[in-house]
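# Summary of structural features
One-letter residues, chain by chain:
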Amino acid sequence: MAPAITTLAADAQLSAANTGFMLICSALVMLMTPALAFFYGGMVRVKSTLNMLMMSFISLGIVTILWVLYGFSMAFGTDSGSLIGWSSEYVGLSGIGVTELWDGYTIPVYVFAVFQLMFAILTPALISGALADRVKFTAWALFIALWVTVVYFPVAHWVWGAGGWLFEMGVIDFAGGTAVHINAGAAALGVILVIGKRVGFKKDPMRPHSLPLVMLGAGLLWFGWFGFNAGSWLGNDDGVGAVMFVNTQVATAAAMLAWLLYEKIRHGSFTTLGAASGAVAGLVAITPSGGSCSPLGAIAIGAIAGLVCAMAVGLKYKFGYDDSLDVIGVHLVGGVIGSLLVGFFATGGVQSDAKGLFYGGGLDQLGKQAVGVFAVLAYSLIASAILALIIDKTMGMRVSEDDEVSGIDQVEHAETAYDFSGAGGGASSRSTAAPAPAVTETKKVDA
């Protein structure tokens, strides 16, 4: 999925090993969406838990159908003007042979399509963390459908599609720093600038209701990310995927430690939320860069990302934008860091011969990376804000203030995350105990 990939001979044969590996990686990436739901779900207040889970889960339904109908064709079909793809045989995935290979690889087109589908599902789900507590579920579902059509599918073509303008320029994005994380982070910023802040932002406590759920989600994200990153080389024939696997682990560890160190120095404590957030920041930053750097470079990239993202999450209080669960501070900032650092740490000896500044490559690759970063950021920010504005002016994007205060779970889903009414032994059973009336009667006599 990155430039300068060596193509295979025209008579290449289907590889059962690579095909099986990619199916496993696809399943791992699919797992990341429910993992994200747990991660985000634990970070919100109790009254928003189910809504947060559903904002991720609904992407599995909507994006899957759109990808089959036309998304795969738009992202990876025949190039048109370096901006969009289209191939009629990909519409409905109806014109693809069972053993037809993805061009230049030993895996079937169907396997490549389903692997890329999981990326398309995850990306809009990432946006949802910035919008916690306040968005109508129907409006969110419509936004997903419009956003992947107008933003994600074209940007995926720019970055990874043959003929896409960023691909042809030589921008390196191994597994989604621009197409996934910057794309989602910029979209989150665009939407929250339209819909505004939560009721009580910077006034009421909005602490995570379940840190164990956050840690579970972060652990599952870390696990699934190996498929996300190592699978993006689309095979196991030359060892590049193995390097990416190692770098994913190394950078994540370094980022988690850097975030925790910052927390200890700045706030005096090592928090579980900081550990989880730092790990995700490292995963984000190594996603575009891990196929071009060494393990030592991955340590540096992870540490830089952990430190800078830990500092960046506080910017929302300074500038007044309500990024509920730090999508901008982690995914946008982390994606920018990881993408730009390719221009410093690319060794020229892993996925391609492109070298960064620290390896004698000058500023050439850094310049290309900067173009990719800011083109995707600007397009996604503007397009996402316009889509949110259209939805807000037509059907309304936000729930009412009263509904937000009372709890979006009950309003939008008619459910609550936790029901203790049948647990027994609580306050309700004590209220019917025999001593209660006696105490009340005594008080009346005394009075």
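Remember, it's a predicted structure, so these values are computed and weren't measured experimentally. (Residues numbered from 1 in each chain as written. Predicted model: local features only at pLDDT ≥ 70, side-chain atom pairs only at ≥ 80, totals over all residues. Heavy atoms only, no water.)

## Digging into the overall build of the protein
Inclusion rule: Per the convention used, a helix needs a DSSP run of H or I reaching at least four residues, while a strand needs a run of E reaching at least two, with both numbered from the N terminus. We take the radius of gyration over the C-alpha atoms and set the globule estimate at 2.2 Å times the residue count to the 0.38 power. For each residue, the accessible area found with a 1.4 Å probe, counting protein chains only, is set against the maximum for its type, and the residue is called buried under 20%, exposed over 50%, and partly exposed in between. Note on contacts: a residue pair is in contact if any heavy atoms of the two residues lie within 4.5 Å. Note on areas: these come from Shrake-Rupley sampling with a 1.4 Å probe, and a residue is covered only by the protein chains present in the view. Positive charges come from Lys and Arg, negative ones from Asp and Glu, while His and the chain ends are left out of the count. For the purpose of locating charges, the reference atoms are NZ of Lys, CZ of Arg, CG of Asp and CD of Glu.
Each helix and strand in the protein was counted, giving 17 helices and two strands. The C-alpha radius of gyration computed for the protein amounts to 24 Å, which stays within 12% of the reference 22 Å derived for 447 residues, consistent with globular compactness. Dimensions of the protein, computed from the C-alpha atoms along their principal axes, are close to 95 × 50 × 40 Å. Sorting the 447 residues of the protein into buried and exposed places 55% on the buried side. Partitioning the intrachain contacts of the protein with sequence separation of at least 6 by distance along the chain shows that 77% fall at a separation of at least 24. As displayed, the protein has an accessible area near 17700 Å², and 67% of this comes from carbon and sulfur atoms. In the protein, 20 positive and 28 negative side-chain charges are present, and the distance between their average locations comes to 16 Å.

## Some details on the nonpolar core
Put simply, the test is: What we call a nonpolar core is a set of buried Ala, Val, Leu, Ile, Met, Phe, Trp, Tyr and Cys residues that are connected through their side-chain atoms within 4.5 Å.
If you look at the biggest cluster of nonpolar residues, it comprises 122 residues, and the most contacted ones within it are F39, F72, W102 and L131. Ranked by the residues each element gives to this core, the list is headed by helix α4 (residues 137–160), at 15 residues. Apart from the residues lying within four places of it in its own chain, the contact partners of F39 are L213, V214, G217, A218, L221, A276 and V280.

## Brief notes about the packing of aromatic side chains
So the rule is basically this: A pair of Phe, Tyr and Trp rings is counted when the ring centres sit within 6.5 Å of each other, with Trp represented by its six-membered ring. The angle between the planes then sorts it: under 30 degrees is stacked, over 60 is edge-to-face, the rest tilted.
Under the counting rule described, the total for this entry stands at 27 aromatic pairs. Ring centres of W147 and Y152 lie 6.4 Å apart, and the angle between their planes is 35°; on these two criteria the pair is classed as tilted. Classification of W147 as buried rests on a relative accessible area of 0%. An aromatic cluster of three or more residues is present, and its members are W67, Y70, F72, F76, Y90, W102, F112, W147, Y152 and F153.

## What about the pattern of salt bridges?
What counts here: Any Lys or Arg side-chain nitrogen found within 4 Å of a carboxyl oxygen on Asp or Glu counts as a salt bridge.
Inspection of the entire model under this criterion finds seven salt bridges. Put simply, D133 and R45 hold a salt bridge, and the shortest N to O gap is 3.0 Å. In this pair, D133 sits in the loop between α3 (109–127) and α4 while R45 sits in the loop between α1 (16–43) and α2 (49–76), placing the two residues 88 residues apart along the sequence. Judged by its relative accessible area of 3%, D133 is buried. Look at R45 and you get buried, because its relative accessible area is 16%. Across the salt bridge formed by E404 and R398, the nearest N and O atoms sit 2.7 Å from each other. Owing to a relative accessible area of 3%, E404 belongs among the buried residues under this scheme. Taken together, the shared-partner salt bridges connect R45, D133, R134, R198 and D322 into one network.

## Re the packing of α2 against α3
Quick reminder of the rule: Where helices are involved, their axes are fitted lines through C-alpha atoms of the stretch in contact, as for all axes, and angles between N-to-C directions lie from 0 to 180°. Roughly parallel covers angles under 35 degrees, roughly antiparallel covers those over 145, roughly perpendicular covers 65 to 115, and oblique covers all other angles. By convention, the crossing between two helices is left-handed when the near helix turns anticlockwise from the far helix through less than a right angle, and right-handed when the turn is clockwise. In this count, Pro and Cys sit with the nonpolar residues alongside Ala, Val, Leu, Ile, Met, Phe, Trp and Tyr, while Asp, Glu, Lys and Arg are called charged and the others, Gly among them, polar.
Following both chains from N to C, one finds α2 and α3 inclined at 130°, their axes separated by 8 Å at the closest point. The orientation of α2 with respect to α3, classified from their angle, is oblique. In this structure, α2 meets α3 at a crossing whose hand is right-handed. Mapping the contact onto sequence places S56, S59, L60, V63, T64, W67, F72 and F76 in α2 and V109, F112, A113, Q116, L117, A120, I121, P124 and A125 in α3. Of the residues assigned to the contact of α2 with α3, the class counts are 13 nonpolar, four polar and no charged.

## A short note on helix α9 (residues 272–289)
Selection rule: To estimate how far a helix should reach, multiply one less than its number of residues by 1.5 Å.
Its 18 residues give α9 an end-to-end C-alpha distance of 26 Å, which sits within 8% of 26 Å, the value for a rise of 1.5 Å per residue. Within α9, 16 of the 18 residues are buried, leaving the element largely enclosed by the surrounding structure.

## Some remarks on empty space enclosed by the protein
Sizing a probe to match a water molecule and rolling it over the atoms shows the empty space that remains. The condition that has to hold: A pocket, in this scheme, is an open set of points on a 1 Å grid over the protein atoms alone with protein on both sides within 12 Å along at least 5 of 7 lines, while a cavity is a set where a 1.4 Å probe fits but cannot get out; residues line either one if an atom lies within 4 Å of a point. Grid points are joined across faces, edges and corners, and a volume is the space filled by probe spheres set on the points.
One pass over the structure, following the stated rule, counts one cavity of 30 Å³ or more. Looking at the largest cavity, its volume works out to about 70 Å³. Residue lining of the largest cavity: F39, Y40, M43, W259, S277, V280, V313, L325, D326, V330 and H331, and that is the complete set. Looking at the lining of the largest cavity, the elements with two or more residues in it are α1, α9 and α12 (327–345). The element contributing the most residues to the lining of the largest cavity is α1, with three residues. Here the residues of the lining of the largest cavity are counted per class, giving eight nonpolar, two polar and one charged.

## A look at helix α7 (residues 211–230)
Applicable threshold: Each residue is assigned a bend, namely the angle between axes fitted to the seven residues that terminate at it and the seven residues that start at it.
The terminal C-alpha atoms of α7 lie 29 Å apart, and with 20 residues this matches the ideal 28 Å at 1.5 Å per residue to within 8%. At G224, α7 shows its maximal kink, close to 30°.

## Some remarks on the layout of surface pockets
Taken as a whole, the largest pocket holds about 660 Å³ of empty space. Lining the largest pocket we find 30 residues, and of these L273, V313, K316, Y317 and D326 sit closest to its centre. Sorting the residues of the lining of the largest pocket by element identifies α8 (240–267), α9 and α11 (315–319) as the ones contributing at least two each. No other element matches α8, which puts five residues into the lining of the largest pocket.

## Here we look at a nonpolar patch on the surface
We apply this condition: Here the term patch refers to residues with relative accessible area over 30% and no salt bridge, with like charges joined within 9 Å and nonpolar side chains (Val, Leu, Ile, Met, Phe, Trp, Tyr) within 5 Å.
On the surface, a cluster of nonpolar side chains totalling about 300 Å² of accessible area is made up of I304, L307, V308 and M311. Counting through the fold element by element, L307 comes out in helix α10 (residues 295–312). The exposure class of L307 is partly exposed, given its relative accessible area of 38%.

## With respect to the environment of D326
Short version of the rule: Polar contact criterion, stated in full: a pair of N or O atoms within 3.5 Å, where within protein one must be able to donate a hydrogen and the other to accept it, and residues adjacent in sequence count only if both atoms are side-chain atoms.
Within the element layout of this structure, D326 appears in the loop between α11 and α12. Using a relative accessible area of 17% as the deciding quantity, one classes D326 as buried. Along the backbone, D326 and R134 are 192 residues apart, and their C-alpha atoms lie at a distance of 15 Å. With residues up to four places along the chain from it excluded, the contact list for D326 reads V313, K316 and H331. Within polar-contact distance, the side chain of D326 engages the side chain of K316 at 3.0 Å.

## Looking at the confidence of the model for the protein
Going by this rule: Values of pLDDT, ranging from 0 to 100, describe the predictor's confidence in every residue of the model.
Overall, the prediction assigns the protein a mean pLDDT of 92, with 92% of residues at 70 or greater. Below pLDDT 50 for its whole length, residues 2–9 participates in 18 contacts with residues either more than four positions away or in separate chains. Predicted confidence for residues 426–447 stays below pLDDT 50, and this span has two contacts to residues more than four positions away or in other chains.

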